[in-house]
Amino acid sequence: MVVVRLKRGGAKRKPCYRVVVAEQYMRRDGRNIEEIGFYHPCTKDQELMFKIKADRLRHYLDQGASMSQTVASLVKKSRVLEASAEVGE
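What counts and how
- Residues numbered from 1 in each chain as written.
- Predicted model: local features only at pLDDT ≥ 70, side-chain atom pairs only at ≥ 80, totals over all residues.
- Heavy atoms only, no water.
- Helix = DSSP H or I, 4+ residues; strand = E, 2+ residues; numbered from the N terminus.
- Buried < 20%, exposed > 50% of the residue type's maximum accessible area, 1.4 Å probe, protein only.
- Lys, Arg positive; Asp, Glu negative; His and termini not counted.
- Salt bridge = Lys/Arg side-chain N within 4 Å of Asp/Glu carboxyl O.
- Polar contact = N/O pair within 3.5 Å; in protein donor to acceptor, adjacent residues only side chain to side chain.
- Pairing = 2+ DSSP bridges.
- Contact = heavy atoms within 4.5 Å.
- Axes fitted to C-alpha atoms, helices over the stretch in contact; angles between N-to-C directions.
- Disulfide = S-S within 2.5 Å.
- Phe/Tyr/Trp six-rings, centres within 6.5 Å; stacked < 30°, edge-to-face > 60°.

**Q** A description of the side chain of Arg 5 should follow, citing residues and the corresponding values.
**A** Topologically, Arg 5 is positioned in strand S1 (residues 2–11). It is Asp 29 that comes nearest to the buried, bridge-free Arg 5 among opposite-charge side chains, at 8.0 Å. Within the structure, Arg 5 has its side chain in polar contact with the backbone oxygen of Met 26 (distance 2.8 Å).

Right under this line is the structure:
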């Protein structure tokens with residue numbers, strides 16, 4: 001099963017995450033299928049904090065992928081899928 005989740009990077013006490021599509025059984029920082037965004041929790045600027053390619057996210061969700069709880073809450077807060085649905089209409 002394919003999962004959209006976070007992959008940790010950055011230094012100690014200064015995390016940065018990449019939003020990746022990976023097989024469920026792979027390690028957190030292991031091999032991934034595609035990198036579709038990033039999340040920098042220490043950044044004050046909201047635009048630079050979380051960015052994701054909505055079209056690629058929609059593609060993988062249509063193929064049956066699931067999102068981790070953290071990624072789902074970030075997507076919900078940023079309203080990425082709502083904005084991409086309005087553009088597609």
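**Q** I'd love a proper account of the sheet that holds strand S2 (residues 14–23), names of residues and values included.
**A** The five strands are arranged S4-S3-S2-S1-S5 in an open sheet whose pairing can be described as mixed. With partners counted over all chains shown, the strands left at the sheet margins are strand S4 (50–52) and strand S5 (66–67), one partner each. Looking at chain direction, S2 and strand S3 (residues 34–39) are connected through five bridges and run antiparallel. Bridged to Arg 18 within S3 is Phe 38. Taken strand by strand, helix H2 (residues 54–62) contacts S1, S2, S3, S4 and S5, and its axis lies near 125° from that of S3.

**Q** Report on the pattern of salt bridges, specifying residues and quantitative values.
**A** One pass over the full model with this rule turns up three salt bridges. A salt bridge links Asp 29 to Arg 28; the shortest N-O distance between them is 2.8 Å. Using a relative accessible area of 48% as the deciding quantity, one classes Arg 28 as partly exposed. Between Glu 34 and Arg 56 there is a salt bridge, with its nearest N and O atoms 3.1 Å apart. Of this pair, Glu 34 sits in strand S3 while Arg 56 sits in helix H2, placing them 22 residues apart in sequence. When its relative accessible area of 27% is taken as the criterion, Arg 56 is described as partly exposed.

**Q** Got a sec to walk through the state of the cysteines? Specific residues and values, please.
**A** In a disulfide, the sulfur atoms of two cysteines are covalently bonded to one another. Under the criterion given, the structure shown has zero disulfides. Summary of cysteine pairing: Cys 16 is not part of a disulfide, and the nearest cysteine sulfur, belonging to Cys 42, is at 8.9 Å.

**Q** Account for the packing of aromatic side chains, naming residues and giving values.
**A** Applying the stated rule across the entire model yields two aromatic pairs. Through successive ring pairs, a cluster of aromatic residues spans Tyr 17, Tyr 39 and Phe 50.

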